[in-house]
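If you want the building blocks of each chain, they are given just below.
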Amino acid sequence: MCGIVGYIGHREAYPIVLKGLKRLEYRGYDSTGVAIIQDGDLQVHKKKGKVVELEEAVVGKNMHSTICIGHTRWATHGEPSDRNAHPHLSNNGRLAMLHNGIIENYAQIKQELTNKGYTFKSDTDTEVLLNFIQDIQDNNKSTLEEALRIALKRIVGAYCILLIDQDDPETIIAARKGSPLVIGIGKGEHFLASDASPIIEYTKEVLGNEKQTPFIQKLDMELAAIEKGGYEHFMLKEIFEQPDTIFDCLRGRLLHEQQQIVMAGVDNHIEALTKASRILIVACGTSWHAGLVAEYMIEELCRIPVEVEYASEFRYRNPVIHAGDVIIAISQSGETADTLVALESAKEKGAFIFGVVNAVGSSIARLSHAGAYTHAGPEIGVASTKAFTGQLAVLTMMALKMAKAKGSISDERYSHLVNELASVPKKVKEILADTSKIESIAQQYKGASDFLYLGRGYNFPIALEGALKLKEITYIHAEGYPAAEMKHGPIALVDENLPVVFVATKDMYYDKVVSNIQEIKARKGQVIAVATLGDTVLPTMSDNIMFVPDIDEVIAPLLSVIPLQLLSYYVGTYKGIDVDKPRNLAKSVTVE
Ligand code: F6R
């Protein structure tokens, strides 16, 4: 999704902005651009493609300036192209602006401006807003800031914009609504960016802007956390970080020795959570899959009905929400527009929002009444991996805590699950210790055109997640299904060319899943199984097998997803795909 970087101060601004744009590349984008002011001259350079292509295009040009704004664009209005890239220039050539978000009523404003004689070089909503600002400034003889304020009153939609005026090289004007912006404060200099990653190497002081009165807060992030640390891709680094990120997530919360779980967000609202007549879980994509696992856990352990909703559908189908309804919102970025707007409307109707979020201080975290961070650290690879296991770890602790408070779990079962959860980091490490088998499976099937992923119970959402990971970073069509549902349709696809991945660890459905595997083998399908270490049955009927250590079925998703992440990673890299930035995808989906 679009990324924004700005710098104003006493240093060379362009190199800082360029480096920042590279740090934001993980969000996904299709074109890029910068604007600087030199001796009253406003210069804009922009290009379709990667940041490095822009960098090459400006080699030899005089880029000296102490003010610069830059942008990575993810197309919404108009195809990816040089002319649609940001920043845009106003008709009078004096203002340059870039924008993240969508102006929903741009068409009407464009018509009004066209009637007044304005022309447009791009297809973007951004250029419309910019000329609207120019028009107000010219007609009202107002300052740029005033003109912007007036313009924004008319705007429907979400935005974060940076605006500069060639006559005022001392000022960057920023405005945001529903789209993220971090403002870093240095000594006589300011840094602006869509997230903290372009800023942390210069300052850790950032402006908290969720209140009317701005205040300074400290960033809890290290530069090393957003660099690759010797791995070929961020995705691989993030998969291998999981023993540590899960450990960090459990640390200080899962007090193994005392058999206690401490989570302030849950403790402080335990009544609201355990007395809920139902719980709604709202999320998108991988986070939605974590929600499905939570549904199984909360219903089994807490005996509270749970509904898991795609945020985009939930918001617009006018859902029935009562005051006091509990909504668990799950999001890595905390900025997903579909989730955010769904929560805003539920909050207005009086729902209690509990956020399970990775990005500290993000919009969803701020909107929630209470919550628990996943503490997975910055996730840069577009495909979510460590954030997913972080979400599962938080949701498992929540379910156990609520069950204990409600008295719906026996002491033995509680204690067993606490012990099992505590063993996860070590067991994930065991899976990661040898990836050679998974690499060879990936090599064998990298030419397949379709995959089917099947699982039951707690492993059903993991089948969905495995299929999503494969689609995202290998461009191979994959579908996830409940294993038993396969015979109601997808079985028609099975022939000797179809790889079928079974998530078939030892659980209450194991025997039934074994029967499903036989049904696939009888039709000559290629079976790849995720199985429990020590299983002697599945190796006799599968073409390939990936083992995970034995663990209780409630906790099993935390392990069974790991080989599937790796399988997708290796297939993607064997196919030569940029797995950190697969085509068309954005890390942080900040448009509805
Ligand atoms: C999948 C993926 C997406 C996100 C989805 C929600 O690998 O990354 O499906 O899970 O866009 O994003 P968050 O969790 O940031 O709300």
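Colleague: Any chance you could break down helix 15 (residues 411-422) for me, citing the residues and the numbers?
Modeller: With twelve residues, helix 15 should cover 16 Å at 1.5 Å per step; its first-to-last C-alpha distance of 17 Å lies within 8% of that length. Those residues of helix 15 that sit buried are Tyr414, Leu417, Val418, Glu420 and Leu421. In a view along the axis of helix 15, the buried residues occupy a sector of 165°, so they form one face of it. Away from its buried face by more than 90 degrees, helix 15 exposes Asp411 and Glu412.

Colleague: Go over the site of the ligand with me, naming the residues and quoting the values.
Modeller: By nearness alone, 15 residues border the ligand, and Ser287, Ser331, Gln332, Ser333 and Thr336 come closest of all. Between Val382 and the ligand, the recorded distance is 3.2 Å, taken from a backbone N or O atom to an oxygen atom. Relative to its unbound accessible surface of 410 Å², the ligand loses 89% to contact with the protein. Among the elements of the structure, helix 10 (285-302) and helix 18 (460-474) are those that each provide at least two residues to the shell around the ligand. A per-class count over the shell around the ligand returns five nonpolar, eight polar and two charged. A domain-level breakdown of the shell around the ligand finds at least three residues from each of domain 2 (229-422) and domain 3 (433-581).

Colleague: Provide a residue-level description of the side chain of Lys469, including the pertinent values.
Modeller: Note on placement: Lys469 falls in helix 18. At 2.6 Å, the side chain of Lys469 forms a polar contact with the side chain of Glu465.

Colleague: Please provide a residue-by-residue account of the side chain of Asn131, values included.
Modeller: As for its placement among the helices and strands, Asn131 is situated in helix 4 (residues 125-140). Judged by relative accessible area, Asn131 falls into the buried class, the value being 0%. If we ignore the near neighbours within four places in the chain, the residues touching Asn131 are Ser90, Asn91, Leu113, Tyr118, Thr119 and Phe120.

What counts as what
- Residues numbered from 1 in each chain as written.
- Predicted model: local features only at pLDDT ≥ 70, side-chain atom pairs only at ≥ 80, totals over all residues.
- Heavy atoms only, no water.
- Helix = DSSP H or I, 4+ residues; strand = E, 2+ residues; numbered from the N terminus.
- Expected span 1.5 Å × (residues − 1).
- Buried < 20%, exposed > 50% of the residue type's maximum accessible area, 1.4 Å probe, protein only.
- Arc of directions from axis to C-beta.
- Near = heavy atom within 4 Å.
- Polar contact = N/O pair within 3.5 Å; in protein donor to acceptor, adjacent residues only side chain to side chain.
- Areas by Shrake-Rupley, 256 points an atom, 1.4 Å probe, with all protein chains shown as cover.
- Nonpolar A, V, L, I, M, F, W, Y, C, P; charged D, E, K, R; others polar.
- Domains from an automatic or database assignment.
- Contact = heavy atoms within 4.5 Å.

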